[in-house]
Amino acid sequence: MNSAFHKILIANRGEIAVRVMRTARAMGYRTVAVYSSADADAEHVRQADQAAWIGESLPAQSYLNVAAIIEAARTSGADAVHPGYGFLAENAAFAQACRDAGLVFIGPSPEAVRAMGDKAGAKRLMQAAGVPCIPGYQGEDQGTEKLAAEAARIGWPVMIKATAGGGGRGMRLVTSADDFTGQLHSAQSEALNAFGDATVILERAIVAPRHVEVQVFADRHGNAIHLGERDCSVQRRHQKVVEEAPSPAVSDALRERMGATAVAAAKAIAYEGAGTLEFLLDAEGQYWFMEMNTRLQVEHPVTEAVTGLDLVELQLRVAAGQPLPLAQQDVRITGHAIEVRLCAEDPQQGFMPQSGTLAAWRPSAALRTEHALRDGAAVPPFYDSMIAKLVAHGRTREEARHRLIAGLQDTVTLGISTNQQLLQRVLSHDVFASGAATTAFIGDHLDALLATDAANDARAALLAALLLQLGERGWPSPLAHTLPNALRFALDGTVHAARVTPCGAGRFDIALDNDAPVQLALLALPGDGSLRFSCGGLSEQAFVVRQPDRVDFHFRGQSFQLENLTHVAVPRSNGASGDGLLRASMNGRVIALLVAEGDAVAAGQPLVTLEAMKMEHVHCAPRAGRVALHVAVGAQVAARHVVAQVADA
C-alpha cells in the first residue's frame, strides 16, 4: 500500500478534530471532517476543507459507525484517516477496515491495536515482556460467580475494569464482597453501552497511588523513543482532571527506568506511531503496568510544551513512512507544563454532565487553549463532557501553576455549568501545590474543593442586584427617580431579596437580605459585554450576557446564573412531603427501567438509569409508594423532565 497521502479525514469531533486539522493544514494536507446530526454546525465542521454527515446523534449511529466513516473517506477523496482519541481510536476492526479500503490509518497497525486494546491480553503480553503488572484476573470465564471468587482471591479492595474501556467508563472500585455483584453488573452495562463489549478484568486496587504515564513514539524502521512522563493523578470518577509534565514524583533515574520499560514494551509488539504506557506508582518508587493507549492522549499538549515537539506532526510523518527525526539522546525536557480539562458538568451535583448552548466563550490569551467552541455553540448530551483543555508552561512548576490559575480565572465560560471553579481550587490547594497529590486527592479533599466562598457570593449577589436594576437599558437615565426598588432574584439557585436606591451619577445603595446598605457605582459599560463597577472603594470587572430568561455573568473567575423573581409569586409551604415526581437530573437517554409500572418501591430505591456523555446515572425514588413510569427505554429526555412519579401506595 502506498504510504503517501494528501487528504486526511479526521474520524472524530470537537477539540481534537480541530487540533489535528491545525497541524495537518500547516503541513499542507487537506482535511475532511465527519459529523453527526447533533454536530451539523459544530466548529470542527466549519474549520475543515470538507465535511461529511455520517449519521444521527448517538455515537453508535455516527462516530462509531465504521461503514459510514469509510464511505465518507471514499466520497471525499481522503486517502488517510486520523482517529483522534476516544470513539474508534483504539478499535482494531476500524484500523483493519481503513487498511482494507486502501486508507492510511494514522496510528499503529491493527495487530498492535488488537494486542493492546484487550486489557487482559495486553497484561499477558507485558508480563511475558518482563513489564511489572498488578496482580489480578484476566480469564475468559465472565460468570458472576467466577468473578466474585477471583475477587475474593485477589483480596479487597478490587478494581473492575472493562477490557475494551477507557476514560473511566466500565470501571468500578469495590471494597467488599457485599458490593461486588451490583458494581460488576453496573460496570458491565456501562461497558456494553460505551464500547459494545461487557468483558471485564479484575485487579488488586493500589490504594492512593500516583498515575504516571510514559509517552512513546516508534516508526516502522525499528526506532523507538520515549518523550518523558506525565503525571495524571488528579482524577474524579477514574477520569483525569489535571495532567502535568514532568511528574513531581519522578526523579531522573526513575524516568530513565520507566522510559526504558515503556520503549521495551513498544518494541515487543512492533509498535508504530504515538502510544502511551500507563503505570501506577507508589511512594517507594515501585511501578506497575496498567494499560497501553494505542493513540494520541488527551493530555499530549503538556508533552509538546516541555519537549518543543508537535506530536501530531510526528504521527503524520511516521504514518507517511518516514523515520523518526530524532533519537533518544535528542529529547530534552525544558520547564514544566500543566493542563486542566474544562468539563461541562456540575461538581456540586456529583459531577453530573451538563449540556445546552454556550452563551459566551472568551479563552484567556495567556494560555494554550484547545477547544472547538464559540458563542452560541451547542454542547450536546451525547458525547464526552470535556469541552476544552487549558495548558500553561513555565520555567518551573510553580510558575506554570500560577499562570494556569490566572488564565482559568480570566477564561469566560457562560451558559453551561462547568468545573472551572473546582479546577482553580485544585491548582491552589496546598497538597497539589506541594506536588503530593495522588489519585485519592479529589476524594480526600472534595469538601474543601466544593466549599462555598461567602465573601465572593455576597459580592456577586450585590452585582446581581445592580444588573437587575440596570435592566436592558444599561446606563441609568439621569432623569431616573430616586425611589427605592424592591427586587427578588435567584443566584445559582439561592434566593435573595434586595432593596436598591438610586443615588444619581450611576451610584446605588443596595441593601441585600436585610443587611445594611452598600454603595455600588457603575464605572464603565463599553457595550462588549464587559462591565466595571466599584464597591467599598474597590473597582472590579465582570462579563455579562443577557439571555431571554436569565442573566449569565462571569465574576472573580466564576460563572453565575441570575434569574429575576421580582414578579414571580412567592411559593407557600404547606408542609407536604413532596409531589413524588422524579425528574431527570440532566439531558440524557433512558437505558434501563429498574422497576415495573405499579410496583411498590421504597424511598431511595433505584428506578431509572439515564446515560449522558457516556456515563450512567441512576435515578432513585424520592419517597416510598407505588410507581408510575413516564418514559420508555431508548427515550431521549431533557433535564427536569418527569421520568416517574411515586404516589401513596
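Just so you know, these numbers come straight off a predicted model, no measurement behind them.

J.: Go over the overall build of the chain with me, naming the residues and quoting the values.
T.: A count of helices and strands for the chain gives 16 helices and 39 strands. Computed over its C-alpha atoms, the radius of gyration of the chain comes to 26 Å, within 12% of the 26 Å expected for a compact globule of 649 residues. If one aligns the C-alpha atoms of the chain with their principal axes, the spans along those axes are about 80 × 60 × 55 Å. Within the chain, the fraction of its 649 residues that count as buried is 55%. Within the chain, contacts between residues separated by at least 24 positions form 62% of all contacts whose residues are at least 6 apart in sequence. Here the chain has roughly 26400 Å² of accessible surface; of this, 50% comes from carbon and sulfur atoms. The averaged location of the 69 negative side-chain charges in the chain is 3 Å from the averaged location of its 57 positive side-chain charges.

J.: Describe the nonpolar core, with residues and values.
T.: Grouped together as the largest cluster of nonpolar side chains are 33 residues, with contacts concentrated most on Phe5, Ile8, Ile106, Phe217, Ile225 and Leu316. Of all elements in the fold, only strand 1 (7–10), helix 1 (14–26), strand 11 (224–236) and helix 11 (311–319) reach the threshold of two or more residues within this core. Broken down by element, the residue count for this core peaks at 6 residues, all from helix 11. Counting residues in hydrophobic clusters, the runner-up holds 32 residues, among them Phe351, Ala388, Leu404 and Leu423.

J.: Go over empty space enclosed by the protein with me, naming the residues and quoting the values.
T.: Summed over all chains, the structure comprises 3 cavities of 30 Å³ or more. There is about 60 Å³ of room inside the largest cavity. Arg210, Asp231, Cys232, Ser233, Val234, Val242, Glu244, Pro248, Arg397, Phe432, Gly435 and Ala437 together form the lining of the largest cavity. A total of 4 residues in the lining of the largest cavity trace back to one element, the largest contributor, which is strand 11.

J.: Report on the layout of surface pockets, specifying residues and quantitative values.
T.: Taken as a whole, the second largest pocket holds about 1400 Å³ of empty space. Around the second largest pocket, the lining is made up of 47 residues, and of these Asp346, Ser417, Asp492, Ser559 and Gln561 lie nearest the centre. It is strand 31 (residues 558–564) that contributes the most residues to the lining of the second largest pocket, 6 residues altogether. Residue classes in the lining of the second largest pocket are distributed as 18 nonpolar, 20 polar and 9 charged.

J.: Talk me through the packing of helix 13 (residues 420–428) against helix 15 (residues 441–450); I want residue IDs and the actual numbers.
T.: Closest axis-to-axis distance for the helix 13/helix 15 pair is 10 Å, and the angle between their directions is 110°. Of the possible angle classes, the one that applies to helix 13 and helix 15 is roughly perpendicular. By crossing handedness, the relation of helix 13 to helix 15 is classed as right-handed. On helix 15, the residues that touch Leu422, Arg425 and Val426 of helix 13 are Phe441, Ala448, Leu449 and Leu450. A breakdown of the residues in the contact of helix 13 with helix 15 according to their chemical character gives 6 nonpolar, no polar and 1 charged.

J.: So what about the confidence of the model for the chain? Which residues, and what values?
T.: For the chain, per-residue confidence averages 92 on the pLDDT scale, and 96% of positions sit at 70 or higher. For residues 572–577, every residue scores under 50 in pLDDT, and the model assigns this stretch 1 contact once sequence neighbours within four places are set aside.

J.: Run through the packing of helix 1 against helix 11, naming residues and quoting values.
T.: Two numbers describe how helix 1 lies on helix 11: the axes approach to 9 Å, and their chain directions differ by 65°. The chirality of how helix 1 crosses helix 11 is right-handed. On helix 11, the residues that touch Arg19, Val20, Thr23 and Ala24 of helix 1 are Leu311, Val312, Glu313 and Leu316. Of the residues in the contact of helix 1 with helix 11, the class split is 5 nonpolar, 1 polar and 2 charged.

J.: Hey, could you go over the sheet that holds strand 20 (residues 368–371) for me, with residue numbers and the actual values?
T.: Backbone hydrogen bonds are what pair the strands of a sheet, in a parallel or an antiparallel way. Taken together, 8 strands build an open sheet; the order of strands is 14-13-10-11-12-15-22-20 and the sheet is antiparallel. Edge positions in the sheet fall to strand 14 (287–293) and strand 20, since each of these pairs with one other strand and no more. For this sheet, the mean angle separating the axes of adjacent strands, direction not counted, is 25°. Direction of pairing for strand 15 (residues 336–343) relative to strand 22 (residues 386–394): antiparallel, over a ladder of 8 bridges. Residue His336 lies in a different strand from strand 22, and its bridge partner there is Gly394. Against the sheet, helix 1 engages strand 20 and strand 22, with an angle of about 115° to strand 20.

J.: Talk me through the sheet that holds strand 34 (residues 600–601); I want residue IDs and the actual numbers.
T.: Pairing is antiparallel in the open sheet, where 4 strands are placed in the order 32-39-37-34. Where the open sheet ends on each side, the last strands, each with one partner, are strand 32 (581–583) and strand 34. Relative to strand 39 (residues 642–647), strand 32 runs antiparallel, the two being bridged by 3 bridges. Within strand 39, the position partnered with Arg583 by the bridge is Val642.

J.: Tell me about the pairing of strand 26 (residues 507–512), residues and numbers included.
T.: Across 6 bridges, the pairing between strand 25 (residues 494–504) and strand 26 is antiparallel. Following the sheet pairing, Ala498 is matched in strand 26 by Leu512. Taken together, strand 25 and the strand that follows it, strand 26, pair antiparallel across an intervening segment of 2 residues, in which Ala505 is found at a positive phi of about 55°. Pairing of strand 26 with strand 27 (residues 518–524) involves 4 bridges; the strand directions are antiparallel. When the sheet's bridge partners are listed, Asp509 is paired in strand 27 with Gln519.

Criteria and thresholds
Positions within a chain are numbered from 1, following the residues in the order the chain's sequence is written. Confidence filtering applies because this is a predicted model: local features only for residues at pLDDT of at least 70, side-chain atom pairs given and counted only at 80 or more, and all residues used for totals across whole chains, interfaces and linings. Where side-chain values are given, they derive from all heavy atoms of the structure, hydrogens and water being excluded. Going along the chain from the N terminus, every DSSP run of H or I of four or more residues is numbered as a helix, and every run of E of two or more is numbered as a strand. Note that the radius of gyration is over C-alpha atoms, with the globule rule given as 2.2 Å times the number of residues to the power 0.38. Buried means the residue's accessible area, taken with a 1.4 Å probe over protein chains only, is under 20% of the maximum for its type, while exposed means over 50%, and partly exposed covers the values in between. Any two residues whose heavy atoms approach within 4.5 Å are treated as being in contact. Surface accessibility follows the Shrake-Rupley procedure with a 1.4 Å probe radius. Residue values consider only the protein chains on display as shielding. When charges are counted, neither His nor the chain ends are considered; positive counts come from Lys and Arg and negative counts from Asp and Glu. Charged groups are reduced to one reference atom each: NZ for lysine, CZ for arginine, CG for aspartic acid, CD for glutamic acid. Note on terminology: a nonpolar core comprises buried Ala, Val, Leu, Ile, Met, Phe, Trp, Tyr and Cys residues joined through side-chain atoms within 4.5 Å. Here a cavity denotes a set of grid points, spaced 1 Å apart and computed over the protein atoms alone, in which a 1.4 Å probe fits but from which it cannot get out, and a pocket denotes an open set meeting protein on both sides within 12 Å along at least five of seven lines; residues with an atom within 4 Å of a point are reported as lining. Grid points are joined across faces, edges and corners, and a volume is the space filled by probe spheres set on the points. Each residue gets one label: Ala, Val, Leu, Ile, Met, Phe, Trp, Tyr, Cys and Pro are nonpolar, Asp, Glu, Lys and Arg are charged, and the others, such as Gly, are polar. For helices, the fitted line uses only the C-alpha atoms of the stretch in contact; every axis is such a line through C-alpha atoms, and the angle between N-to-C directions lies from 0 to 180 degrees. What sets the label is the angle itself: under 35 degrees gives roughly parallel, over 145 gives roughly antiparallel, 65 to 115 gives roughly perpendicular, and the rest give oblique. Note on convention: the crossing is left-handed when the near helix lies turned anticlockwise from the far helix by less than a right angle, right-handed when the turn is clockwise. Residue-level confidence of the predictor is what pLDDT reports, using numbers from 0 through 100. DSSP bridges decide pairing: two strands pair if at least two such bridges lie between them.

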